[in-house]
Amino acid sequence: MLLQVNRLSAGYGDVKVLWDINLEVREKQIVSLVGANGAGKSTLLKVLSGLLPPDEGQIIFRDKDITGAASKAIVDRGIIHVPEGRRLFPQMTVEENLIMGAFSRRRSGGIQKKLSRIYDIFPRLKERANQSAGSMSGGEQQMCAIARGLMGDPQLILIDEMSMGLAPLIVDNLIDVVKSINSQGTGVLLVEQDVQLALDNSHYGYVLSTGKVAMQGESKRLLKNKEIKAIYLGM
């Protein structure tokens, strides 16, 4: 098991957002976490990446308890978070942003080798290497955010709202990259409001509703679920 979350609850001060969450990501698996805006998806990723302490529950990563660990320790373990909104350093160049991702791990050697791999995956970023990240299009910035995460050699990458505000063709290209990353052995937890996109391109899915897991199962089966079709897909 790559990641196991047991009865996790969390929130902000007196405001509880997550209740009793159980979730798993297996080796070489893409798992989607879907639900409406405000369901608690981004909050869960913050807890998993050490940005927000849990109130209750347990987080196990590769058989090690990382509950409440600092974000740096979690990154060192191999969990990388690509946050909603990209969060690039806009005045720095694309390559400088990528290099920042490499230094998030203790094994920061081989920068040029890592850059070469990233430029093979994202040739557009090679073309933009010396351009300021803030001057790129939204799609290019999302590429850069994912690429920066990959520079940290993740065993599990958490991607929050990858498709938000992007053209369908750009989203299709990014999904192809995510699948390629996964085929090479990196686990993926994909958080999306676009339920169709997420379930079409994952192995297993969880539906989050008002901070609780409302449904879970193989993604193909969830797509056939009448309730999901009615509520999330408008069918």
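Residues numbered from 1 in each chain as written. Predicted model: local features only at pLDDT ≥ 70, side-chain atom pairs only at ≥ 80, totals over all residues. Heavy atoms only, no water.

Another point: the nonpolar core. If you look at the biggest cluster of nonpolar residues, it comprises 35 residues, and the most contacted ones within it are Leu 98, Ile 118, Phe 122, Leu 125, Ile 146, Ile 159 and Met 162. Within the residue set of this core, elements represented by two or more residues are helix H3 (94-102), helix H4 (111-121), helix H6 (138-150), strand E7 (156-160), helix H7 (168-183) and strand E8 (187-192). Ignoring sequence-local partners within four residues, the contact set of Ile 146 consists of Val 82, Phe 122, Ile 157, Met 162, Leu 174 and Ile 181. (Core = buried A, V, L, I, M, F, W, Y, C linked by side-chain atoms within 4.5 Å. Buried < 20%, exposed > 50% of the residue type's maximum accessible area, 1.4 Å probe, protein only. Helix = DSSP H or I, 4+ residues; strand = E, 2+ residues; numbered from the N terminus. Contact = heavy atoms within 4.5 Å.)

It is possible for side chains of opposite charge to pair when their charged atoms get near one another. Evaluation of the coordinates by the stated rule reveals twelve salt bridges. Between Glu 27 and Arg 62 there is a salt bridge whose closest N-O contact spans 2.6 Å. Within this pair, whereas Glu 27 is found in the loop between strand E2 (15-25) and strand E3 (30-34), its partner Arg 62 is found in the loop between strand E4 (56-61) and strand E5 (64-65), the two being separated by 35 residues in sequence. Using a relative accessible area of 37% as the deciding quantity, one classes Glu 27 as partly exposed. Across the pair Arg 124 and Glu 140 runs a salt bridge whose closest N-O atoms are separated by 3.1 Å. Of the two residues, Arg 124 sits in helix H5 (residues 123-127) while Glu 140 sits in helix H6, which places them 16 residues apart along the sequence. Overall, Arg 124 belongs to the partly exposed group, its relative accessible area being 37%. By sharing partners, the salt bridges in this structure join Arg 124, Glu 127, Arg 128 and Glu 140 into a single network. (Salt bridge = Lys/Arg side-chain N within 4 Å of Asp/Glu carboxyl O.)

Attention now moves to the side chain of Gln 29. On the secondary structure map, Gln 29 appears in the loop between E2 and E3. Given the relative accessible area of 13%, Gln 29 is considered buried. Gln 29 has contacts with Glu 24, Asn 182, Gly 187, Val 188, His 203 and Tyr 204, leaving out every residue within four places of it along the chain.

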